[in-house]
Amino acid sequence: MTTQTRARTSTRAASMPVLDLAMRIGDHLLASGMSANDVVVQMLRVTRGYDLTGVHVDLTYTSITVTHHRGPKRQPLTVSRVVQPLVVNYTKVGGLDRLLDAIEAHELTITEATEAYEKLSYDPTPYPRWVSMLGAGGIASGAALMFSASWVLVVVSFAAATTMDRLQWFLGEKRVPPFFSQALVAGAMTMVAAGVHQLGRRGVWPFVGIDPTLIVVGGIVMLLAGVMIVGAVQDAIDQFYVTASARVLEVVMRTGGIVAGILVALDILESQGIAFEILNNPVSEAPLWAQFAGAGLISLSFAVYGYADWVMAALTTVIALIGFGAYLFFTSLDGSEVVANTLGALAVGFLATLVVRRTHAPGFGMESGALLPLVPGLTLLNGLLQMMARDPANPAIVAGGRTLLVGVLTALGIAAGATLGTYLGRPVSEQVRRLRRRVKAAGRVRTEASFTEPPRP
């Protein structure tokens with residue numbers, strides 16, 4: 001074997017383990033919901049940690065390609081990987097962040113880092129699956145609480161949503177496509193609402209006076225892809241247009257499945273003479289405390305549903321309440337929904353960035369949970385329901401187009417506000433970190449000076 005061949009083989013052996021680890025980490029983060037730009041940044045942390053320069057990362061919604069340019073005299077090394085779906089586990093994502101810190105600090109060899117990643121990948125979830133299922137029910141209860149302070153409605157929404165989560169898990173195990181899975185679950189939720197409505201009409205306590213529309217709303221919020229549309233817009237802002245387009249299409253398909261399931265269920269109910277009307281734009285009658293409680297419950301439940309630890313769950317809830325409070329404040333000033341949501345998202349992005357620099361909690365997970373009370377998933381659903389009017393001359397069709405436009409603009413505003421808040425938060429967080437280091441250094445100097453003996457005469 002010639003010297004040139006041995007050098008090429010040595011370089012290839014050094015490059016492949018690093019690129020493989022970077023792609024496996026990127027696969028995990030992208031499947032967990034991190035934005036495309038942030039995934040690229042995290043992957044490059046691995047290559048920089050092992051002094052691998054000339055690395056280019058190209059990713060789409062379903063695949064990752066990494067190219068290592070090894071100089072003018074060697075062929076570039078290109079590897080690719082298909083993104084595998086997985087159960088979102090924010091505790092593992094936090095562990096990945098700690099692993100990346102150790103890699104950047106040159107504390108681990110590539111072999112040790114790979115073994116640490118494999119161990120992290122096979123770690124069990126921090127709590128049982130049934131606890132995560134309660135998180136799904138909490139999301140529905142929080143959404144119902146934002147519209148009504150009725151405890152019956154909250155309990156019914158919780159019970160129905162936990163049952164629907166089990167149904168959705170079963171359909172996922174049977175590899176049912178998401179469109180049909182969404183349709184079946186939304187249709188089943190509509191059937192549950194119809195049953196509660198019939199019990200209320202017959203005077204059965206405590207279902208008298210319960211609005212079936214709010215049961216449907218509370219149950220399908222966990223199905224709505226509102227957070228996904230925000231992520232898609234954020235990818236578009238970061239100029240990852242292919243990934244953004246794929247996420248937008250997935251939002252359309254998932255939301256279309258929900259609408260199809262609701263409409264089919266309503267047709268079946270009408271044929272049986274037990275139909276009820278679903279309002280396209282339910283009005284919140286909940287007091288202010290209930291709206292805040294609902295927003296906090298949604299964010300907390302989202303964190304639990306994603307297997308977050310208690311630190312991330314608490315921080316997500318606090319940030320969500322601040323962001324929702326900012327939204328209500330600007331709405332009270334007769335501001336538009338788009339502007340109020342944008343400013344609320346800006347507060348969320350800014351605070352999440354400051355918190356992330358002090359903890360290993362995944363920032364994108366905290367932002368997703370904190371933005372959930374603001375996302376326009378329900379607006380998108382309302383627009384589609386309005387446009388599904390059977391009479392072509394129905395003015396609701398035109399109103400539906402307008403509602404859809406408001407939903408898209410709101411999603412754009414939320415994504416832009418969260419992104420701007422992140423950019424504004426980074427320099428502030430860096431200044432706080434520098435000030436903290438200076439204070440610690442000054443404290444050490446004073447401590448050393450206090451133990452220094454005075455000079456002898």
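Residues numbered from 1 in each chain as written. Predicted model: local features only at pLDDT ≥ 70, side-chain atom pairs only at ≥ 80, totals over all residues. Heavy atoms only, no water.

Q: What am I meant to see in the pairing of strand 1 (residues 55-59) here?
A: Every other side chain in a regular strand lies on the same face of the sheet, so the side chains alternate between the two faces. Burial of the side chains of strand 1 is restricted to one face: Val 55, Val 57 and Leu 59 are buried, whereas none of His 56 and Asp 58 on the reverse face is. In this structure, strand 1 lies alongside strand 2 (residues 63-68), joined through 5 bridges in antiparallel fashion. Looking across to strand 2, one finds that Val 57 is bridged to Val 66. The turn linking strand 1 back onto strand 2 is made up of 3 residues. (Buried < 20%, exposed > 50% of the residue type's maximum accessible area, 1.4 Å probe, protein only. Helix = DSSP H or I, 4+ residues; strand = E, 2+ residues; numbered from the N terminus. Pairing = 2+ DSSP bridges.)

Q: Please clarify how the sheet that holds strand 3 (residues 77-82) should be interpreted in this entry.
A: In a beta sheet, neighbouring strands are held together by backbone hydrogen bonds and run either parallel or antiparallel to one another. The strand order across the open sheet built from 3 strands is 1-2-3, with neighbouring strands paired in antiparallel fashion. With partners counted over all chains shown, the strands left at the sheet margins are strand 1 and strand 3, one partner each. Taken pair by pair, the neighbouring strands of this sheet meet at an average axis angle of 15°, ignoring direction. Strands strand 1 and strand 2 of the sheet are contacted by helix 2 (residues 36-49), whose axis makes an angle of about 150° with strand 1. (Axes fitted to C-alpha atoms, helices over the stretch in contact; angles between N-to-C directions. Contact = heavy atoms within 4.5 Å.)

Q: When you look at the pattern of salt bridges in this model, what are you seeing that I'm missing?
A: Oppositely charged side chains can form a pair if their charged atoms are brought close together. One pass over the full model with this rule turns up 11 salt bridges. Among the salt bridges present, the one from Arg 45 reaches Glu 104, with a minimum N-O distance of 3.1 Å. Pair noted here: Arg 45 is in helix 2 and Glu 104 is in helix 3 (residues 90-104), with a separation of 59 residues, a long-range link. When its relative accessible area of 9% is taken as the criterion, Arg 45 is described as buried. The partly exposed category is assigned to Glu 104, whose relative accessible area is 33%. A salt bridge links Glu 250 to Arg 254, with the shortest nitrogen-to-oxygen separation between them at 3.0 Å. Within this pair, Glu 250 and its partner Arg 254 are both found in helix 10 (residues 241-271), separated by 4 residues, close to a single helical turn. For Glu 250, a relative accessible area of 18% puts it in the buried group. Exposure remark for Arg 254: the relative accessible area of 21% places this residue in the partly exposed category. (Salt bridge = Lys/Arg side-chain N within 4 Å of Asp/Glu carboxyl O.)

Q: How should the environment of Leu 108 be read in this particular structure?
A: With respect to the helices, strands and loops of the structure, Leu 108 is situated in the loop between helix 3 and helix 4 (110-121). Other than its neighbours up to four places away in sequence, Leu 108 contacts Tyr 50, Leu 99, Ala 102 and Ala 113.

Q: How should helix 3 be read in this particular structure?
A: Along an α-helix, residues three or four positions apart point the same way, because every turn accommodates 3.6 residues. Helix length check: helix 3 (15 residues) gives 21 Å between terminal C-alpha atoms against 21 Å at 1.5 Å per residue, within 8%. Among all positions in helix 3, only Tyr 90, Lys 92, Val 93, Gly 94, Gly 95, Leu 96, Leu 99, Leu 100, Ala 102 and Ile 103 are buried. Put simply, Asn 89 is the residue that caps the front of helix 3, since its side-chain oxygen is 3.1 Å from the backbone nitrogen of Thr 91. Directly after helix 3, the chain includes His 106, whose backbone phi takes a positive value near 60°. (Expected span 1.5 Å × (residues − 1). Polar contact = N/O pair within 3.5 Å; in protein donor to acceptor, adjacent residues only side chain to side chain.)

Q: What am I meant to see in the packing of aromatic side chains here?
A: The geometry of an aromatic ring pair comes down to the distance between the two centres and the angle between the two planes. Tallying each qualifying case throughout the model produces 8 aromatic pairs. Judged by centre distance (5.8 Å) and plane angle (65°), the ring pair of Tyr 90 and Phe 364 falls under edge-to-face. Of this pair, Tyr 90 sits in helix 3 while Phe 364 is found in helix 14 (residues 363-371), placing the two residues 274 residues apart along the sequence. In this pair, the class of Tyr 90 matches that of Phe 364, namely buried. With centroids separated by 5.8 Å and ring planes inclined at 35°, the aromatic side chains of Phe 324 and Tyr 327 adopt a geometry described as tilted. One end of the pair is Phe 324 and the other is Tyr 327, both in helix 12 (residues 310-332) and 3 residues apart, which spans about a single turn. The pair formed by Phe 324 and Tyr 327 is uniform in burial state, with each residue classed as buried. (Phe/Tyr/Trp six-rings, centres within 6.5 Å; stacked < 30°, edge-to-face > 60°.)

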